[in-house]
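So you can see what is in the structure, the chains are spelled out below.
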Amino acid sequence: MKIREFLPKDLKRIHDIELMSFNQSYGIDMFKKLYDIGTGFLVCEINEYVVGYIIFWIKEEGLGHIISLAVDKNYRNLEVASKLLTKAILIFKNAGIDLITLEVNVNNEKAINFYKKFDFTVDREVPGYYENNEAALVMFYKIN
């Protein structure tokens, strides 16, 4: 298992993983824009095959944000998401970030529990956050 920087050649694969992971899609164009503006964008490979990704950025001094984290459904429960999140947290820490935020669908118990394992805390619920009108939980993590 290898974590590396996203490359433009990964675009289609990342989009495929997103489509199998979420009800709504950022779309290939948005992924390209995120890459072009310099967000943090990592992928996880197993045997040179991309199986997961994480996108994150520094919102302002001291504050980081996780935009998206997803793993191919055929490679879940192999610690892929854990390795991606751990690497992103390390990058945030090295950049002087002390607070990380994210949003997660209020109905995605598996993701909520995953983030709680990393000591993310629920801050609040945002009704109607997603296009399908479902609520999101805003979660945060304080880097020591």
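See the structure printed just above.
Everything in this summary refers to the structure shown in the same document. (Residues numbered from 1 in each chain as written. Predicted model: local features only at pLDDT ≥ 70, side-chain atom pairs only at ≥ 80, totals over all residues. Heavy atoms only, no water.)

What to know about the overall build of the protein chain
Our working definition: A helix here means a DSSP run of H or I that spans at least four residues, while a strand means a run of E at least two residues long, and both kinds are numbered starting from the N terminus. Computation of the radius of gyration draws on C-alpha atoms alone. For the globule rule, the value is 2.2 Å times the number of residues to the power 0.38. Each residue is placed in one exposure class: buried if its accessible area under a 1.4 Å probe, protein chains only, is under 20% of its type's maximum, exposed if it is over 50%, and partly exposed if it falls in between. When checking whether two residues touch, look at their non-hydrogen atoms; a contact exists if any pair is within 4.5 Å. Here the Shrake-Rupley method, with its probe set to 1.4 Å, supplies the accessible areas, and only the displayed protein chains count as covering residues. In this tally Asp and Glu are treated as negative and Lys and Arg as positive; neither His nor the chain ends contributes. The atoms used to mark charge sites are NZ of Lys, CZ of Arg, CG of Asp and CD of Glu.
Along its length, the protein chain carries four helices and seven strands. Relative to a compact globule of 144 residues, whose C-alpha radius of gyration would be 15 Å, the protein chain shows 14 Å and is just as compact. C-alpha extents for the protein chain along the principal axes are approximately 40 × 35 × 30 Å. Per-residue burial over the protein chain gives 46% buried out of 144 residues. Long-range pairs, those at least 24 residues apart, make up 60% of the contacts in the protein chain between residues at least 6 apart in sequence. By element, 49% of the accessible surface of the protein chain is carried by carbon and sulfur atoms, the whole surface being about 8,300 Å². Here the protein chain contributes 18 positive and 20 negative side-chain charges, whose respective centroids are spaced 5 Å apart.

Re the layout of surface pockets
Cut-off, in case you're wondering: Note on definitions: the grid is 1 Å and covers protein atoms alone; a cavity is a set of points where a 1.4 Å probe fits but cannot get out; a pocket is an open set with protein on both sides within 12 Å along at least five of seven lines; lining residues have an atom within 4 Å of a point. Grid points are joined across faces, edges and corners, and a volume is the space filled by probe spheres set on the points. Residue type decides the class: Asp, Glu, Lys and Arg count as charged, Ala, Val, Leu, Ile, Met, Phe, Trp, Tyr, Cys and Pro as nonpolar, and the leftover types, Gly among them, as polar.
Approximately 1,200 Å³ is the volume attributed to the largest pocket. Along the wall of the largest pocket there are 38 residues; nearest its centre are Ser 21, Phe 22, Leu 69, Asn 108 and Ala 111. Contributing elements (two or more residues each) for the lining of the largest pocket: α1 (11-21), β4 (63-71), α3 (80-94), β5 (99-105) and α4 (109-117). For the lining of the largest pocket, the leading source of residues is β4, giving seven residues. Here the residues of the lining of the largest pocket sort into 17 nonpolar, 13 polar and eight charged.

Observations concerning α4
Owing to its 3.6 residues per turn, the α-helix aligns residues three or four sequence positions apart on the same side. What counts here: Regarding the arc, it is the one traced by the directions from the helix axis to the C-beta atoms.
Every buried residue of α4 is accounted for by Ala 111, Ile 112, Phe 114 and Tyr 115. The buried side chains of α4 occupy one side of the element, clustering within an arc of 160° when seen end-on. Those residues of α4 that are exposed and aimed more than 90 degrees away from the buried face are Glu 109, Lys 110 and Lys 117. Turning to α4, the residues buried within the fold contact β4, α3, β5 and β7 (136-142). Once α4 ends, the next one or two residues include Asp 119, with phi positive near 70°.

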